[in-house]
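Each chain, letter by letter, is given below.
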Amino acid sequence: MFINGFFDYNQVSYGEKYRGYPDNDQVINRLFDPRYIRIKVEDEDSAVDHFQVVNVDKNLDMQTGLVHELFSITTPENRNFNLVVESFASLSKQNVYGVKYAIIPTNFEGDIELIKLHDYVNQSTHQQSEDVRVNQDVGQMQLDFIPDNGQPSYLVTTFRSQQGIILTYQADQATDSNPEIDYFEDDNHHYGYHSKYHAKPGSQKEFEFLFSIGDIHPLVNARMYADQYLASLDNYIRNTSFNSELMASAQVWQTFWLHSDVKIDGDPVIQSCIRFNLFELNQSAGRDEFTSIPAKGLTGNGYGGQFFWDTEIFMLPFFVYTEPTIAKKLLMYRYHTLQMAKEQASDFGLEKGAMYAWRTINGYEASAYWLAGMAQFHINADIAFAVEQYYTITNDEDFLKKDGFEIILETARFWMQYGNFAQVNGKRHFVINRVTGPDEYSALVDNNYYTNVMAQFNLRLAAKYAEKFGDTDIPVQLNVTGEEIAEMKEAADLMYLPYDQEKNVKLQFQNFEQLPKMSISSIDQSRFPLLLHYHPLMLYRAQVNKQADTIMVDYMFPQGNTQDQLKADYDFYEPITTHDSSLSKAIYAIVAARIDRDQQAYDFFSQAVKTDLIDLHHNTKNGIHAGSLGAAWSGIVYGFAGIVNNADHFSLEPHLPDAWNCVKFRLQLHHCELLFTIYQDQVEVELMSGKGMALSVYNKKIKVTPEDPKQICQY
Ligand code: IFM
């Protein structure tokens, strides 16, 4: 069990620790598995004896969120029984988790005792790995039972981060035909539930439990107000049942699917995969403004459960277009951590601006390998880009004024501080040297194309909104001056963007063309991902990409590029890209679709969308690849449906895969909800709510209004 934002620090030990290196890593805590159950059969005890457990079946019902598992269990004395475990994490009450057991003896009659007691905190997984992406460390937690509460209740506190949460759970007998369940205290003063009954072969008895899991509090508060917190937690699970909570949660899922589902006619495997992706995204997203989406969702502690640019660039588009309230909360997390970003900029030695952490939970940098970590300064512009994307699609002026603009301004200030004006080839330019771009097989380069384009965008946004809010008191509050804005505009206009005139390609960074090409096709399959088999410098010194880098620019800023330019970039970077990062293939799929490389688009997309279901990177055990799940949605919407969303116009240029008869999805745009049904040769757009809007399909203009809500457009 992972709780978003519940983490501990781990001291990082460095061989040589230079100034500014973070002292601590941040690691999401792995709590006990609430499905854990101890079963005694006559004199055999699952906690002591070796019960053989075979997982016969496991299903996730994505419509309701219910996980259904069937285990066949054999005791050392050959007693057989089936155990059915059903569980769900509630979406209607975010604190609630339900688990239900059914026990069915198959070959014996005898006494069965069920004990539901969780007296440990860190669920051990015995994972040993040399993989840098796996987090070996676990937080240190302490578990205290809260006595005499009438139901088992715990206070879990962390040692170093000084956080505390409270949990409690109740048992529900469901029907009178099920054995009674009693609350008990054992000799160690640990509290739990147990039930003992006499069972016959084929008889089925059920036991239900509802957990109520508290919010994260500072340790002192958690201890001091434990009783009060507990009382409010009790409210969530009092006078209710597993089934009622499951139904309530399923209803929320139903609403989610109504607005967010993607229906694909003609490709059942991809259909299931995309739904799994959307399900996981929705499960993992922080909704309290103080958490974001960990790179592994809430399914593993790979990458420490930390937040990266994955949220803003790869996952946020899905939320902005389908669940804008969640998108806003995710952006508010960045607003609430802006203060930390400013502190970081100042500690770093900059006079102004904000420097967001490359990877973090609490807002402070947790990356111990700064070359592929902190130096990925593009995160600042990525966040500003996300603010703009949210604003242009939702027109949430209030957010922009109160929070969004400040993020944009402070990140723009960072660029002015970190970059500088300089002469390049005899011309005055703004340059940003010594940065790491998205591709983690190069580091500390000069003028990374992606970074510079993003910084340019960030600077222009700051200038645009400083002018827009010029008549308000916002510029004064944020100390914005006319000179500052003029300088930002100049920097944006003079931004240096390296370009290879001979090959006609955007250069990943200055002097990239001087590096030797690494021949990926001649490398044995066993040596991928390269990061596990080569010294980083061997990769940094070569033309080899872990993931889309310059191609990110072609994905995010398609306007102003000719087809020839997109093709040249694609043909240059695709052969040197290993896609060792799960964030790569969906992006290549989008650009491939735009340049009519239909088969490649489909191949890249179908691998990206299946990333975790086929365990593409052989590491799903450490958690899902949340960014890739989000990028797969973008693959459909930006790639196959071909949407392009400028601030002032929305258009579609579909490239549907041959196998698909049609794809259907809804988007929320400018307070309207539109249902798109895209066939091989026509697009149907239906206004589901809102005042209506104009858009275009391959340059043909259409308009949907409440009076005329449905338009069909051939292409
Ligand atoms: O943010 C990514 C990065 O782009 C590639 N390495 C893994 C990170 C977390 O997913």
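Residues numbered from 1 in each chain as written. Predicted model: local features only at pLDDT ≥ 70, side-chain atom pairs only at ≥ 80, totals over all residues. Heavy atoms only, no water.

Peer 1: In this structure, what is going on with the overall build of the chain? I would like to understand it.
Peer 2: Counting secondary structure elements, the chain contains 18 helices and 29 strands. Here the C-alpha radius of gyration of the chain, 27 Å, is about what a compact globule of 715 residues would show, namely 27 Å. In terms of its C-alpha atoms, the chain occupies a principal-axis envelope of roughly 90 × 60 × 60 Å. Long-range pairs, those at least 24 residues apart, make up 65% of the contacts in the chain with a sequence separation of at least 6. Taken together, the 57 basic and 94 acidic charged side chains of the chain have centroids lying 4 Å from each other. (Helix = DSSP H or I, 4+ residues; strand = E, 2+ residues; numbered from the N terminus. Rg over C-alpha atoms; globule rule 2.2 N^0.38 Å. Contact = heavy atoms within 4.5 Å. Lys, Arg positive; Asp, Glu negative; His and termini not counted. Charge placed at Lys NZ, Arg CZ, Asp CG, Glu CD.)

Peer 1: Would you mind showing me how to read the sheet that holds strand β23 (residues 650–652) here?
Peer 2: Adjacent strands of a sheet pair through backbone hydrogen bonds, lying either parallel or antiparallel. Taken in spatial order, the four strands make up an open sheet running β22-β23-β27-β28, and their pairing is mixed. Sheet topology places β22 (643–645) and β28 (700–704) at the edges, where each strand pairs with a single neighbour. Going from strand to strand, the sheet's axes swing by 25° on average, the running direction of each strand aside. The sheet contact formed by strand β27 (residues 693–697) and β28 spans five bridges and is antiparallel. (Pairing = 2+ DSSP bridges. Axes fitted to C-alpha atoms, helices over the stretch in contact; angles between N-to-C directions.)

Peer 1: Help me understand the sheet that holds strand β13 (residues 182–185), please; the structure alone is not making it clear to me.
Peer 2: Taken together, five strands build an open sheet; the order of strands is β4-β3-β9-β14-β13 and the sheet is antiparallel. The open sheet has two edge strands with one neighbour each: β4 (44–45) and β13. Across four bridges, the pairing between strand β3 (residues 38–41) and strand β9 (residues 110–116) is antiparallel. Bridging from a neighbouring strand, arginine 38 pairs with isoleucine 115 of β9.

Peer 1: Honestly, the environment of tryptophan 370 in this entry has me stumped. Any pointers?
Peer 2: Locating tryptophan 370 in the fold gives a position in the loop between α7 (338–348) and α8 (378–394). A sequence separation of 74 residues divides tryptophan 370 from leucine 444, and the C-alpha atoms of the two residues are 9.7 Å apart. Among all residues touching tryptophan 370, those that are not within four sequence positions of it are Tyr21, Ala375 and Leu444.

Peer 1: Is there a simple way to think about helix α9 (residues 397–418) in this case?
Peer 2: Residues spaced three or four apart along an α-helix point in a common direction, a consequence of the helix completing one turn every 3.6 residues. Given a rise of 1.5 Å per residue, 22 residues ought to cover 32 Å, and the 30 Å separating the end C-alpha atoms of α9 matches this to within 8%. Maximal helix bending in α9 amounts to about 50°, located at glycine 404. (Expected span 1.5 Å × (residues − 1). Bend = angle between axes of the 7 residues up to and from the residue.)

Peer 1: In this structure, what is going on with the pairing of β13? I would like to understand it.
Peer 2: Within a regular strand, side chains alternate between the sheet's two faces. Of the strand pairs in this sheet, β13 and strand β14 (residues 191–199) are connected by four bridges, and their pairing is antiparallel. The residue of β14 that forms the bridge with phenylalanine 184 is glycine 192. Hairpin geometry of β13 and β14 is characterised by an intervening segment of five residues between the two adjacent antiparallel strands and by a positive phi of about 60° at histidine 189.

Peer 1: Explain the site of the ligand to me, please; I cannot follow it from the model alone.
Peer 2: The environment of the ligand is formed by Ala295, Tyr303, Phe308, Trp309, Asp310, Trp358, Glu440, Lys546, Gln547, Ser581 and Leu583. The separation between an oxygen atom of the ligand and a polar side-chain atom of tryptophan 309 is 2.9 Å. At 2.9 Å, a side-chain N or O of glutamate 440 approaches a nitrogen atom of the ligand. Contact with the protein chains removes 93% of the 280 Å² of surface that the ligand exposes when unbound. Considered class by class, the residues forming the shell around the ligand number six nonpolar, two polar and three charged. (Near = heavy atom within 4 Å. Polar contact = N/O pair within 3.5 Å; in protein donor to acceptor, adjacent residues only side chain to side chain. Areas by Shrake-Rupley, 256 points an atom, 1.4 Å probe, with all protein chains shown as cover. Nonpolar A, V, L, I, M, F, W, Y, C, P; charged D, E, K, R; others polar.)

Peer 1: For this particular structure, what's the right way to read the UniProt feature "active site" (unreviewed entry) in the chain?
Peer 2: The feature "active site" (unreviewed entry), as given by UniProt, occupies Glu440 in the numbering adopted here. Checked against the element boundaries, glutamate 440 lands in the loop between β19 (427–431) and α10 (449–468). (UniProt positions renumbered as here; feature names shortened; annotations may be inferred.)

Peer 1: Where do I start with the pairing of strand β12 (residues 163–172) in this structure?
Peer 2: With nine of ten residues buried, β12 lies mostly within the body of the structure. Looking at chain direction, strand β11 (residues 153–158) and β12 are connected through five bridges and run antiparallel. Bridged to threonine 157 within β12 is glycine 164. Hairpin connection from β11 to β12: four residues lie between these consecutive antiparallel strands, with glutamine 162 at a positive phi of about 55°. Both β12 and strand β16 (residues 217–218) contribute to a ladder of two bridges, which runs antiparallel. The residue bridging glycine 164 from the neighbouring strand is histidine 217, located in β16. (Buried < 20%, exposed > 50% of the residue type's maximum accessible area, 1.4 Å probe, protein only.)

Peer 1: Would you mind showing me how to read the side chain of serine 260 here?
Peer 2: Within the secondary structure, serine 260 is located in helix α3 (residues 242–260). Apart from the residues lying within four places of it in its own chain, the contact partners of serine 260 are Leu278, Phe318, Thr322 and Glu323.

Peer 1: Honestly, the state of the cysteines in this entry has me stumped. Any pointers?
Peer 2: Formally, a disulfide is one covalent bond, and it connects the sulfur atom of one cysteine to the sulfur atom of another. Considering all chains together, one arrives at zero disulfides under this definition. Take cysteine 273: it sits in no disulfide, and the sulfur closest to it among the cysteines is that of cysteine 662, at 18 Å. This cysteine, cysteine 672, is not joined by any disulfide, and cysteine 713 carries the nearest cysteine sulfur, 18 Å off. (Disulfide = S-S within 2.5 Å.)

Peer 1: Would you explain helix α2 (residues 226–237) in this entry?
Peer 2: When the terminal C-alpha atoms of α2 are compared, their 17 Å separation across twelve residues agrees well with the 16 Å that a helix rising 1.5 Å per residue should span. Among all positions of α2, only Ala226, Leu230, Leu233, Asp234 and Ile237 are buried. In a view along the axis of α2, the buried residues occupy a sector of 110°, so they form one face of it. Against the buried residues of α2 lie β8 (96–105), β11, β12, β15 (205–213) and α1 (219–224). Within two residues after α2, asparagine 239 carries a phi angle of roughly 50°, on the positive side. (Arc of directions from axis to C-beta.)

Peer 1: Quick question: what am I supposed to make of the packing of α3 against helix α4 (residues 268–284) here?
Peer 2: Two quantities define a packed helix pair, namely the angle between the helix axes and the distance between the axes. For the pair α3 and α4, interaxial distance at closest approach is 12 Å and the crossing angle is 125°. What the angle tells us is that α3 and α4 run oblique. Between α3 and α4 the crossing geometry is right-handed. Residue-level inspection shows Trp253, Phe256, Trp257 and Ser260 of α3 in contact with α4, the latter providing Arg275, Leu278, Phe279, Asn282 and Gln283. A class-by-class count of the residues in the contact of α3 with α4 yields five nonpolar, three polar and one charged. (Parallel < 35°, antiparallel > 145°, perpendicular 65-115°, else oblique. Left-handed = near helix turned anticlockwise from the far one by under 90°.)

Peer 1: In this structure, what is going on with the pattern of salt bridges? I would like to understand it.
Peer 2: As a working rule, side chains carrying opposite charge can pair if their charged atoms are close by. According to the stated counting rule, one finds 33 salt bridges in the structure shown. One salt bridge connects glutamate 440 with lysine 546, and the closest N-O pair in it is separated by 2.7 Å. Here glutamate 440, found in the loop between β19 and α10, pairs with lysine 546, found in the loop between α13 (536–540) and α14 (550–556); they are 106 residues apart in sequence, far enough to count as distant. Accessibility expressed as a relative area gives 7% for lysine 546, which makes it buried. Where salt bridges share partners, they join Lys342, Lys352, Glu406, Glu410, Arg413 and Glu484 into one cluster. (Salt bridge = Lys/Arg side-chain N within 4 Å of Asp/Glu carboxyl O.)

Peer 1: Teacher, can you tell me more about the packing of aromatic side chains here?
Peer 2: Note on aromatic pairs: each is described by the distance of the centres and the angle between the planes. A complete count under the given rule lists 64 aromatic pairs for this structure. Their ring planes at 75° and their centres at 6.4 Å tell us that phenylalanine 51 and phenylalanine 81 sit as a pair that is edge-to-face. Placement of the pair is phenylalanine 51 in the loop between β4 and β5 (52–61) and phenylalanine 81 in strand β7 (residues 80–89), with a sequence separation of 30 residues. Both residues of the pair, phenylalanine 51 and phenylalanine 81, belong to the buried class. Ring plane angle 40° and centroid distance 5.2 Å describe the contact between phenylalanine 377 and phenylalanine 414, whose orientation is recorded as tilted. Here phenylalanine 377 is found in the loop between α7 and α8, whereas its partner phenylalanine 414 is found in helix α9, with 37 residues between them in sequence. An identical accessibility class is assigned to phenylalanine 377 and phenylalanine 414; each is buried. Across from the ring centre of phenylalanine 421, 4.2 Å away, lies the NZ or CZ of arginine 428, which sits over that ring. (Phe/Tyr/Trp six-rings, centres within 6.5 Å; stacked < 30°, edge-to-face > 60°. Lys NZ or Arg CZ within 6 Å of the ring centre and 35° of its normal.)

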